[in-house]
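Breakdown of the fold
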Amino acid sequence: MPRGRYSLHDPHDHTPLGEERFHCAPGPSGWRYVSQTTSPSGAHTGSVDLTLDELGRPLRLELQATDWRVRGAAIDGVTWVRTDASAEHASEGNVRAHAFTGASPAFLIAATRLLRPAPDAPATRLRLVAFTAPVLAPRTLDQSWALLKSEAHSTDNGPLTVDTYQVSELDTGEQHSVHIAGDVVLSAPGVELEDLDSPPSSFP
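Throughout this document, residue positions are counted from 1 along each chain, in the order its sequence is written. The model is predicted, so local features are restricted to residues of pLDDT at least 70 and side-chain atom pairs to those at 80 or more, both for listing and for counting; the totals for chains, interfaces and linings are taken over all residues. Heavy atoms from the whole structure form the basis of all side-chain values; hydrogens and water molecules are not counted.

As recorded by an unreviewed UniProt entry, the protein chain carries the name Glycolipid-binding domain-containing protein and is attributed to Streptomyces zagrosensis.

What follows is the structure in structure tokens.
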């Protein structure tokens, strides 16, 4: 069960946004990721609890940021309930989308588990519902993902396979790279892996 820490920053001007301390592991249902986020000053800012089934679909999502909380799952596309601390502004949503996304590296792993592309295969289009702190307002977006290469690197614990993906934002045309080993993001826009206490888990 990898445990570690990501540093988060603005992908455009590199302003520090805080840290995300996480643990994750494959399990009987698929894969689970749990984390807590903090601001640069160390104050608690939110949490992520995401469980995927064996096909990479979101069985359960719980997001918390400031006074807002989202609970969601893959039902008729994706379905969610968003509420504030007082529950006065609760709302439900449903979109014919493949999965959820957001600032957490967990969602990058989730996208690769859903797609499982082969190297040099055509890019695959994903429709996603994004929740962005601090109010977790939903936004539907489209991305395309392509696996550019898989490279084995020697480590003290044996070979480590690193997958490099190209992600394209279809509404803006912006492209970026994501580097993933097993169930850990090594680097991505706005994300850097700072600490990891055990090797990434490999998926069957």
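1. Here's the deal with the pattern of salt bridges
A side-chain nitrogen of Lys or Arg and a carboxyl oxygen of Asp or Glu constitute a salt bridge if their distance falls within 4 Å. All told, the structure shown has 12 salt bridges when counted by the stated rule. The residue D142 makes a salt bridge to R125 at a minimum N-O spacing of 3.6 Å. Of this pair, D142 sits in strand 11 (residues 137-155) while R125 sits in strand 10 (residues 124-132), and the two are 17 residues apart along the sequence. The rule is simple: take the accessible area with a 1.4 Å probe, protein chains only, and divide by the maximum for that residue type; under 20% is buried, over 50% is exposed, in between is partly exposed. Owing to a relative accessible area of 13%, D142 belongs among the buried residues under this scheme. Through salt bridges with shared partners, a single ionic network connects R32, D49, R60, E62 and R71. Going along the chain from the N terminus, every DSSP run of H or I of four or more residues is numbered as a helix, and every run of E of two or more is numbered as a strand.

2. Remarks on the side chain of R113
In this fold, R113 is placed in helix 1 (residues 106-115). All tallies of charge rest on Lys and Arg as positive and Asp and Glu as negative; His and the ends of each chain are not included. For the buried R113, no salt bridge exists, and the shortest N-O distance to an oppositely charged side chain is 7.9 Å, to D163.

3. A look at the pairing of strand 8 (residues 91-95)
Should DSSP find at least two bridges between two strands, the strands are taken to pair. The pairing of strand 7 (residues 78-84) with strand 8 spans 5 bridges and is classified as antiparallel. Of the residues in strand 8, the one forming a bridge with R82 is S91. Counting the residues that bridge the hairpin from strand 7 to strand 8 gives 6 residues, and of these A87 lies at a positive phi of roughly 65°.

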